[in-house]
Amino acid sequence: MARASTPSEASVVVMNTCTVTAGADQDARAAIRRVRRQNPEARIVVTGCYAQRAPEEIAALPGVSLVVGNSHKHELAEIVGATVAKSAREFEQRGALDFERQDPSALGSRDASDFGWRSALSAAIEPASPPRALAPEGPAFVPLTTLTAPPGSREPEAPIFVSDIFAHTELLAAPVFDAANERTRPNLKVQDGCDNRCSFCVIPYVRGQSRSLQVDRILREVTGLVESGYREVVISGINLGRWGRDLVGSRLPAAGVRISPANSDDVSRKPRAESQKPTFENLIQAILAETALEKLRISSVEPMDWTDELISLVASSPRIAKHAHVPMQSGSDAVLRRMHRKYRPWHYREKIEKIRAAMPTAAIGADVMVGFPGETDAEFEATRRMIEDLPFTYLHVFTYSARPGTPAATMPNQVPVHLARERNRILRELAAEKKLAFMRSFIGKEVDAITLNVIGHDGNGEFTEALTDNYLKLRLRGHHEPNRWLQARIESVVDGALAGRKVTSTLEIRGQ
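Residues numbered from 1 in each chain as written. Predicted model: local features only at pLDDT ≥ 70, side-chain atom pairs only at ≥ 80, totals over all residues. Heavy atoms only, no water.

A.B. asks: Teacher, can you tell me more about the overall build of the chain here?
C.D. replies: Of the regular secondary structure elements, the chain holds 16 helices and 16 strands. Counting the 512 residues in the chain, one finds 52% classified as buried. Put simply, 70% of the contacts in the chain that link residues at least 6 apart link residues at least 24 apart. Accessible area for the chain stands at about 23100 Å²; split by element, carbon and sulfur atoms hold 50% of it. (Helix = DSSP H or I, 4+ residues; strand = E, 2+ residues; numbered from the N terminus. Buried < 20%, exposed > 50% of the residue type's maximum accessible area, 1.4 Å probe, protein only. Contact = heavy atoms within 4.5 Å. Areas by Shrake-Rupley, 256 points an atom, 1.4 Å probe, with all protein chains shown as cover.)

A.B. asks: For this particular structure, what's the right way to read the nonpolar core?
C.D. replies: Proteins that are soluble and globular tend to have nonpolar side chains buried together. Within the largest apolar cluster, 68 residues are counted, with the highest numbers of intra-cluster contacts made by Phe280, Ile284, Ile298, Tyr348 and Phe392. For this core, the leading source of residues is helix 10 (residues 280-290), giving six residues. Apart from residues no more than four positions distant in its own chain, Phe392 is found in contact with Met328, Tyr348, Ile352, Ile364, Gly365, Ala366, Ile387 and Lys434. Counting residues in hydrophobic clusters, the runner-up holds 20 residues, among them Ile44, Tyr50, Ala54 and Val162. (Core = buried A, V, L, I, M, F, W, Y, C linked by side-chain atoms within 4.5 Å.)

A.B. asks: Help me understand the packing of helix 9 (residues 215-227) against helix 10 in this model?
C.D. replies: When two helices pack together, their arrangement is given by the angle between the helix axes and the distance between those axes. At a minimum axis distance of 10 Å, the contact between helix 9 and helix 10 shows a crossing angle of 45 degrees. Taken as axis vectors, helix 9 and helix 10 run oblique relative to one another. The crossing of helix 9 and helix 10 is right-handed. Touching Val215, Ile218, Leu219, Val222 and Thr223 of helix 9 are Leu283, Ala286, Ile287 and Glu290, all from helix 10. Broken down by class, the residue content of the contact of helix 9 with helix 10 amounts to seven nonpolar, one polar and one charged. (Axes fitted to C-alpha atoms, helices over the stretch in contact; angles between N-to-C directions. Parallel < 35°, antiparallel > 145°, perpendicular 65-115°, else oblique. Left-handed = near helix turned anticlockwise from the far one by under 90°. Nonpolar A, V, L, I, M, F, W, Y, C, P; charged D, E, K, R; others polar.)

A.B. asks: I keep staring at the packing of helix 11 (residues 308-316) against helix 13 (residues 345-358) and nothing clicks. Help me out?
C.D. replies: At a closest axis distance of 9 Å, the pairing of helix 11 and helix 13 adopts a crossing angle of 25 degrees. Judged by the angle between their axes, helix 11 and helix 13 are roughly parallel. Read as a crossing pair, helix 11 and helix 13 show a hand that is right-handed. Side by side, helix 11 and helix 13 meet where Asp308, Ile311 and Ala315 of the first sit next to Lys351, Lys354, Ile355 and Ala358 of the second.

A.B. asks: Explain the state of the cysteines to me, please; I cannot follow it from the model alone.
C.D. replies: In protein chemistry, a disulfide is the covalent bond that joins the sulfur atoms of two cysteines. The final tally for this structure, using the stated rule, is zero disulfides. Cys18 takes part in no disulfide bond, and the closest cysteine sulfur to it belongs to Cys49, at a distance of 6.2 Å. Take Cys194: it sits in no disulfide, and the sulfur closest to it among the cysteines is that of Cys198, at 6.5 Å. (Disulfide = S-S within 2.5 Å.)

A.B. asks: Just checking my understanding: could you explain the packing of aromatic side chains for this structure?
C.D. replies: Between two aromatic rings, the relevant description is the distance of the centres plus the angle of the planes. In total, this model carries six aromatic pairs according to the counting rule given. Centroid distance Phe200 to Phe372: 6.3 Å. Interplanar angle 85 degrees. Geometry classified as edge-to-face. Placement of the pair is Phe200 in the loop between strand 5 (187-192) and helix 8 (203-207) and Phe372 in the loop between strand 10 (363-370) and helix 14 (377-389), with a sequence separation of 172 residues. Taking relative accessible area as the criterion, Phe200 reaches 10% and is therefore assigned buried. (Phe/Tyr/Trp six-rings, centres within 6.5 Å; stacked < 30°, edge-to-face > 60°.)

Purely spatial values, then, with no claim about function.
This is the structure:
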């Protein structure tokens, strides 16, 4: 198949969904309706977290041809190819899948839990037992050609490929790229799943237990991206800081080895270190030591995983973007306890202050939730006051959304929607003030930035969009090639972005 330029021109449209809030579910349904209006003949394939949580609900939507949960997402291409070809026999003969082969006629006599079909809602209400969560992957799956719905249930209008996500013990998904900026900033997923059980969150039930990509695989992927011309790579995960805790016997890089991007062929390597259980800091050191990547950006890391070693590592390396996203959720101790978060407000404050002390110009962002069940005026004020006090440069503010099967959904004293929305507005306005003050602090200074593949125009003429090392949008005057690290002098702040002109490119500086 060839990639279509727009959904209206495609014969197959694959929709990756989120389910973290009710709004995310609503947006997914609206997108499905929109694609169906624009392209009635297209086969709409729905995958992702919403597909894992409520597959029958999605399968019943008009226009949906196929539902593929996260449990089978790593085989999405093979599943879509087989269903488009309408040849189940050809699908099995291709040998691309390694699932348990069973007699379809025998499925009706077995309980759904025998062969791994579980919705996220059932998993949230009755989580998998530890033995099942760690069970081998093979017996937990059924043949894709026979899996449609649990025995005795009404057949959905679209085939469903979903099984027990807790049966996955390895990270099988392929790397995911940022489609909007795929020529400059690819996103490499190195961890999936979560072993935490925050009372408001459905994500563990649609992503499964924490699983890490092996060190060697990550290094191969990063090296391949560098060889393809990428200059910045973002590493991400559902609980990124817990990378490596499920890996045993993984080899680690030798300490002290560093590769210069400009002279990577001239580095003599030391012998590899002995195998041991790796840490997230080890992964960062390995990428720096064994690849020629110019810039590594770390996505969201939980506060308890921002160790002194990690902070020092990010602060000391010019090859790591000065950017820390540290989920906060609430500044109230009582709310954090009801959320089942694993830190207290004073712990969080200490981490942010250490990050700012080590990196005075770093972007520091957080996720914050308002309207959690039982949140009083005093508890919200504790959150607002902490945000005001700490050196945040941006916030992602969420209004609490009850997720089916989570403990918080049945807690008493649910906060009225209008009150939660007002609290959201207050925090967003506070965040906007802090972000503007942070951006204005760079006027007259020089910053490193990578050019994106977007050209725009404003009252001052043509500009190229760029992203600074510390995660600020930049309107770079003139037309510049994408995927170039350069230095720019900041002249002003325009429409929520820095505006400036090129001084010189980073590569020109290194070549002198």
